[in-house]
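# Structural overview
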Amino acid sequence: MSRGNIILAAFLWLIVAFFILYPLSILLQESFTITGTDSWGISNYLEFFKDTYYLRVLGNTLLLSMFVLLTTTVFGVPLAYILARYRHRGKTIFTALILLPIVLPAFAGVFAFIIFFGKYGTLNLLLMNTGLIETPINFIYGLHGLVFVQSLHMLPFIVLGLSAGFTNIDPSFEEAAEVEGASGFWRFITITLPLCTPSYLAGAVLVFLWPFTDWLTPMILGQTNLLPSVAYINIAYHFTDMHRKYMGIVAVVIAAVFCISLFLVARWWVEKKKYTGLSKGTTSEGRVIEPGPLLKMGAYAYLLFIAFIVLLIPIVLGLSAFSRRWVFEPFPTYWTLENFRLILLESPILIKNSFLYSGLALVFGVAFGLPAAYIIARSRVPGKDALDFVITLMLAFPGIAVGVGYMLAFWDKIPLARYWIIMPLALFARRLPWTFLLRRPRKYRARADSELFLPYRCLCCSRACSSA
Amino acid sequence: MAFIEIKNLLKRFKKVVAVNHIDLDVIEGEMLTLLGPSGCGKTTTLRCIAGLETPEEGDIVIDGKSMLSEGFIHPSQRGLGMVFQNYAVWPHMKVFNNVAYGLKLQKISRKIVQERTQEVLELVGLEGLGERYPSQLSGGQQQRVALARALVRNPKVLLLDEPLSNLDAKLRENMRFEIKSLVKRMGITAVYVTHDQAEAMVISDRIAVMNSGDIVQIGTAREIYKQPANKFVADFIGTMNFMSGEIVQSPRDVDAVCVRTEFSEKVLCTTDSVTEATPGKKVYVSIRPEDVEVFTEPPQARENLFKGVIVHKAYLGNFLYFFINVNGTMIQAQVPHSLPQDEGQEVHLFLDPQKCMVLF
Amino acid sequence: MMFFIMAFQEISTAIFLYRGGWETLPIGIYLNWHRGMEFGIAAAMAFLMIVITFILLLIASKIGGNMLKAAWSTDE
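Below is a short write-up of the structure. (Residues numbered from 1 in each chain as written. Chains lettered and ligands numbered in written order. Predicted model: local features only at pLDDT ≥ 70, side-chain atom pairs only at ≥ 80, totals over all residues. Heavy atoms only, no water.)

## Some remarks on the overall build of chain A
- In terms of helices and strands, chain A carries 21 helices and 0 strands.
- Among the 468 residues that make up chain A, the fraction classed as buried is 59%.
- Partitioning the intrachain contacts of chain A with sequence separation of at least 6 by distance along the chain shows that 75% fall at a separation of at least 24.
- As presented, chain A carries roughly 19,300 Å² of accessible surface, and 69% of it is formed by carbon and sulfur atoms. (Helix = DSSP H or I, 4+ residues; strand = E, 2+ residues; numbered from the N terminus. Buried < 20%, exposed > 50% of the residue type's maximum accessible area, 1.4 Å probe, protein only. Contact = heavy atoms within 4.5 Å. Areas by Shrake-Rupley, 256 points an atom, 1.4 Å probe, with all protein chains shown as cover.)

In C-alpha cells, the structure reads:
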C-alpha cells in the first residue's frame, strides 16, 4: 500500500462525496423539511403515506412494474431460448435487432409508437381503410400502451440475462434430466429455468425498477398517476407551491429508496444462489439444438415479429422526420427536409450542446473511472470496497433523483448550477458506474457479483452488433 | 451372450471422426471400462450408448433390443442410469429431490417413491442428508448423490463418465472400490469411461483401450498389461522401456526373434506374432522396468546381457528406480534395495528374452 | 463509447438543470413535444439522435476492428 494510492483514493472519495453524496443528502434533507419553516420532521412522509392519492400512485407504479416484468418475461423467455439454443441463420442480425431498443432513447420509442399505433396512426387508419374496424382502437394511450412501450424498451435486459444463462448452463444438467426421463418441456421448467434464475433476476430487477425511474413515457402517454411522473410534475410545474414541491421530493426519495433496496436485495440473492459456480463447463458454446421444421418456422416468425416492432421505431421516426403534416393518412405523402432545416437553422445549439456536454462527461468519466478501477482492483487502500459499493449503487439510482438533488444542492449554497458546467457534471455523476464498470480489468469483473452486471456487459456487445 | 452389443458404430462431429466403426460387446453383469487419452472417442461411445448422441452408422443393442435400427430409442427408455463427469447434481434441488426426480416422473405412488429413494440414499451412504442442498455437501457426497440418482430406477445398465476425475486423489482411490463393490452387489452391467489407467485396472472386469476413434485392445487388466497389442497400449498402461530396432533374423525357434537395436547388435525376444516378424521390419523391443534384472557382477546368462551406467537413482519406498545408460539408450529398471550401486557406477543388465516383447 | 451514448441520451437529470441556451437534443425533443405537439421536429430530432448513435457505434467498431471486439475493448 503506497502513499500515492491513499491520496488517489482520498481524491476519488472527495469527488464521490461532492458530486454524489452531497446532492443526495441535500435531497434527503429537503424531503424532511416542513413547508414554510426551517425545522425538520417526518410530516411529509406521514402525509405521503396517509394520502390515498399518493398511495394509489405508489400502487399504480408497483402494478405497472409487475405488468412490465410479466410482459418482458413472457416474451423474453422464448426469445432468449431461441437465440441461445436454436441453430439458425441470421443469429447475429436478429440478436442485434432485438437488442436495438437499448441503443435507442426511451422517448424515441414512444413517439414512433404514437405515430404508428395512435388514434389516427398508421395501423388504425389502415384497419379502417380496409373496413375491418369502424372507429379507431386505442392501442397506445393508457396503461396498456405504457406497459407495451416500457416492456419493449426493457425486453433486451431480460433477453440478455436469460440467453447468457441458457448458454452458460452446463449441458450435463439437462442431459441428466433427459436420461431420468423428463420430456423437453418438463425439463425446461424444472431444470433449465430454475438454473437460470440468477441471470434472469439480474435483468428482472432492472426491468422492475424502470417504471420507478421513467417519468417521460407515462407523461407522453397521458398516464401521470405514477410515482416518477408525479414527482416530476410536482417539482417542475409547481415550483411556487412549496408544499407540493416537497411532496415531489418525497416521491423522488421514496422511488430512489425503493430502487436501491430492491437492487441490493437482488444482488444479495444472486450472490447467494450462484449456481453457475457449481458447474464446470465442458463445451464453450453450450447446448445448441436443431429444431424441427415446424418449430423452426415458429421461431423465425416470432423473431421476425419482435424485430418488426423494434424496427418500427427508427422507420416510423425516419418517415416522420422527412415528411410534413403526416396526419390522417397511413403513410406520409409530403416529403420534405423542412424539419431538418429547422433544427439546423434555428437550433444548432442543441446539437452542439449535446456533443459538448456528453463529451465533457465522457472526459470526466474516463478521468474518474480509470483511477477508480485501479484503486478498487489493484490496491489495498482501506475503504475501497465502500467506494465500489457506492458507485455500484448508482446503477439503480433514478436519474430524476440525481437531477433534483443537483438542482437543490448547487443553487444557493454552492452556486454551481448557475454555470453550464453543471450539465456535463450531472451527466457524469448520473452515469458514474458505467465508466467505472467498463474500465474494470477483466480479472476483477469475473467476480461473483458480475452476475448482476451481466446485462450491462452484454449491452456493450449488443451496441456494437447493432451497428452491423 | 452379450448384454450390450455395439456394431460398426460411427460418429462424426462435422468432419472429425470421433468413433470409427467400432464393435464392442459388454457381457451381462460385467464392468467394462473404455480407457484412452482425451479425444479418443471413449466419451462419445458412452454418450451413443446413452442416447445423448445419435451415431451416423451402426447399431447399439441393449438386452436384445435395438436402440437405433428400429427407430431411435429415447435415453430414458433405454433402462440406464448415468453418472456425469461433473456429477450434474441439480443445485436448486435438495438431495432427496435430486434422487427422486426420475421416479416422480413415473406413475408410481408417492409412498413408493419415498421408500425407494431412502433405500438408494442408504445404499450410497447418504442416509440423513436428503434434506440438504448439494452446495452443502462435499465433492464426494455430491458424487454419491449422482450415483444414487443413476441407480434409483433400477437400471439394467449403468454408464459412468469419468465420475471420479473431480475428486481429490485419496477420495478417488476409496471411491473406486466402493463403486465397484456397489455395482457388483447390484449385479448391474456397467460401462465406465476414464483416462486414468490405474483406475481402469482397479475397477473393471475388462478394459477396452481406445485411441483416435478405434478400439485398440480389449481384455482383462492383466492381459492388457502383460500382452499389450501394440506400442500405444504398452505405453498407455504402466511404464515400458521401448528400444527401437529392426528384425535381423528369421526366428530360429518357433517364438523367438533377434532384433538389432541402437545399443546392441542382437537382442533376443519372444513373440507371439511370428508371422509378422519378417527380417527388416522396424519394431520396438519392449520390457517393463520391473522385468529388467540388474546385477553388480556378470550373471550366468549367455544372451541379452548388457553393461550400463546408472544415470539417476531414485528411492521409491518399496523399491529403487534406476535410469541406466546402455550405449546411449536409457533403460528404466525397478530394483530391490539390496543393490548398493550409486549414480555413475557400472552395472550389468539382463533382459530376459521371455519378458522382452516385440511391439509394432 | 457506451458512456458517451448514455450521456447523450440522458434527459431525467438534464431536465431539471437546463437553462436557456443549455438545451440538449433530448430536451429539445421534450420541449417540442411539450409546447405544441410539434411531432415533426421532435421526430426529426429523435431520428437525428438515432443516426448519430449509429455513426458513433460505427466509428467505434472501425477503430476497434471487429464489431464485437470493439465493444469489449471499451472494457479495458
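## Focus: the overall build of chain B
- For chain B, the count of helices and strands is 8 helices and 20 strands.
- Here the C-alpha coordinates of chain B stretch approximately 75 × 45 × 35 Å along the principal axes.
- Of all 360 residues assigned to chain B, the portion counted as buried reaches 52%.
- Considering only intrachain contacts with a sequence separation of at least 6, the fraction spanning at least 24 residues in chain B is 66%.
- In the form shown here, chain B has an accessible surface area of approximately 16,200 Å², with 48% of it arising from carbon and sulfur atoms.
- On chain B, the mean spot of the 40 positive side-chain charges and the mean spot of the 43 negative ones are 7 Å from each other. (Lys, Arg positive; Asp, Glu negative; His and termini not counted. Charge placed at Lys NZ, Arg CZ, Asp CG, Glu CD.)

## As for the sheet that holds strand 4 (residues 57-62) of chain B
Residues and elements named next belong to chain B.
- The strand order 2-1-4-5 describes an open sheet built from 4 strands, whose pairing is antiparallel. Every interior strand has two partners, whereas the edge strands, strand 2 (16-27) and strand 5 (65-66), have only one.
- With 2 bridges connecting them, strand 4 and strand 5 associate as antiparallel partners. Looking at strand 5, one finds that V61 is bridged to S66.
- Taken strand by strand, helix 1 (residues 42-50) contacts strand 1 (2-13), strand 2 and strand 4, and its axis lies near 115 degrees from that of strand 1. (Pairing = 2+ DSSP bridges. Axes fitted to C-alpha atoms, helices over the stretch in contact; angles between N-to-C directions.)

## A few points about the pattern of salt bridges
- Summed over all chains, the structure comprises 17 salt bridges over all chains.
- Two residues, A:R85 and A:E174, come together in a salt bridge whose shortest N-O distance is 2.9 Å. Here A:R85 is found in helix 3 (residues 52-85), whereas its partner A:E174 is found in helix 8 (residues 171-179), with 89 residues between them in sequence.
- Note on A:R85: relative accessible area 2%, which makes it buried.
- The shortest N-O distance in the salt bridge between B:E119 and B:R116 comes to 2.9 Å. Of this pair, B:E119 and B:R116 are both found in helix 3 (residues 110-123), 3 residues apart, which corresponds to roughly one turn of the helix. (Salt bridge = Lys/Arg side-chain N within 4 Å of Asp/Glu carboxyl O.)

## Comments concerning the packing of aromatic side chains
- Inspection of the entire model under this criterion finds 21 aromatic pairs over all chains.
- The interplanar angle of 65 degrees and the centroid separation of 5.2 Å between the aromatic rings of A:Y53 and A:Y54 together place this pair among those described as edge-to-face.
- What makes A:Y53 partly exposed here is its relative accessible area of 32%.
- The class for A:Y54 is buried, based on a relative accessible area of 7%.
- Across the ring face of B:Y284, the terminal group of B:K231 is positioned such that the distance to the ring centre comes to 4.7 Å.
- The lysine or arginine in question, B:R288, covers the ring of B:Y225, its NZ or CZ lying 3.9 Å from the ring centre. (Phe/Tyr/Trp six-rings, centres within 6.5 Å; stacked < 30°, edge-to-face > 60°. Lys NZ or Arg CZ within 6 Å of the ring centre and 35° of its normal.)

## Description of the environment of B:D23
All names here are of chain B.
- Position of D23 among the secondary structure elements: in strand 2.
- Sequence spacing of D23 and Q85 is 62 residues, and the spatial spacing of their C-alpha atoms is 24 Å.
- Not counting residues within four places of it along the chain, the set of residues in contact with D23 comprises I6, K7, N8 and I215.

## A look at the packing of helix 2 (residues 95-105) of chain B against helix 3 of chain B
Residues and elements named next belong to chain B.
- Axis separation between helix 2 and helix 3 bottoms out at 9 Å; the angle between their running directions is 125 degrees. Taken together, helix 2 and helix 3 sit at an angle that is classed as oblique. Crossing of helix 2 against helix 3: the hand is right-handed. On helix 3, the residues touching V95, F96, V99, A100, L103 and K104 of helix 2 are V113, Q114, R116, T117, Q118 and L121.
- Grouping the amino acids of the contact of helix 2 with helix 3 by side-chain chemistry returns 7 nonpolar, 3 polar and 2 charged. (Parallel < 35°, antiparallel > 145°, perpendicular 65-115°, else oblique. Left-handed = near helix turned anticlockwise from the far one by under 90°. Nonpolar A, V, L, I, M, F, W, Y, C, P; charged D, E, K, R; others polar.)

## Description of the interface of chain B and chain A
- Tallying the contact residues gives 24 residues for chain B and 20 residues for chain A.
- Where chain B packs against chain A, one counts 2 salt bridges.
- Those elements giving two or more residues to the side of chain B that touches chain A turn out to be strand 6 (80-83), helix 2 and helix 4 (139-151) of chain B.
- Residue composition of the side of chain B that touches chain A, by class: 14 nonpolar, 7 polar and 3 charged.

## Looking at helix 8 of chain A
- The buried fraction of helix 8 of chain A is high, at 9 of 9 residues.
- Looking at the buried residues of helix 8 of chain A, the elements they touch are helix 3 and helix 9 (184-213) of chain A together with helix 1, strand 6, helix 2 and helix 4 of chain B.
- Trailing helix 8 of chain A by a residue or two, A:G181 shows a phi angle of about 105 degrees, which is positive.

## Remarks on the packing of helix 1 (residues 3-32) of chain A against helix 17 (residues 399-409) of chain A
Residue and element names in this part refer to chain A.
- Interaxial distance between helix 1 and helix 17 falls to 8 Å at its minimum, and their mutual angle equals 85 degrees. Judged by the inter-axis angle, helix 1 sits roughly perpendicular to helix 17. On helix 17, the residues touching F19, Y22, P23, L24, I26, L27 and E30 of helix 1 are A401, V404, G405, Y406, L408 and A409.
- Here the residues of the contact of helix 1 with helix 17 are counted per class, giving 11 nonpolar, 1 polar and 1 charged.

## Quick word on a nonpolar patch on the surface
All names here are of chain A.
- Where nonpolar side chains cluster on the molecular surface, the patch consists of L63, F67, L70, V74, F75, L143 and F305 and spans about 620 Å² of accessible area.
- No other element matches helix 3, which puts 5 residues into the nonpolar patch.
- Within the element layout of this structure, V74 appears in helix 3.
- Residue classification places V74 among the exposed positions, given a relative accessible area of 52%. (Patch = residues over 30% accessible without salt bridge, like charges linked within 9 Å, V, L, I, M, F, W, Y side chains within 5 Å.)

## Structural notes on the sheet that holds strand 7 (residues 157-161) of chain B
Residue and element names in this part refer to chain B.
- Reading across the sheet, the 6 strands line up as 6-7-8-3-9-10 and stay open at both edges, with mixed pairing between neighbours. Edge positions in the open sheet fall to strand 6 and strand 10 (214-219), since each of these has one partner strand only. Neighbouring strand axes in the sheet, compared pairwise and without regard to direction, differ in orientation by 15 degrees on average.

## Description of unusual backbone geometry
Residues and elements named next belong to chain B.
- Its identity is not glycine, yet K14 carries a phi of approximately 55 degrees, on the positive side.
- Tracing the chain through its elements places K14 in the loop between strand 1 and strand 2.
- At N327, a residue that is not glycine, the phi angle is positive and equals roughly 50 degrees.
- Relative to the assigned elements, N327 resides in the loop between strand 17 (320-326) and strand 18 (329-335).
- A relative accessible area of 58% places N327 in the exposed class.

## With respect to the environment of B:S69
Residues and elements named next belong to chain B.
- With respect to the helices, strands and loops of the structure, S69 is situated in the loop between strand 5 and strand 6.
- For S69, a relative accessible area of 53% corresponds to the exposed category.
- Within the structure, the side chain of S69 is placed 3.1 Å from the side chain of D59, a separation counted as a polar contact.
- At a separation of 2.6 Å, a polar atom in the side chain of S69 contacts the side chain of S66. (Polar contact = N/O pair within 3.5 Å; in protein donor to acceptor, adjacent residues only side chain to side chain.)

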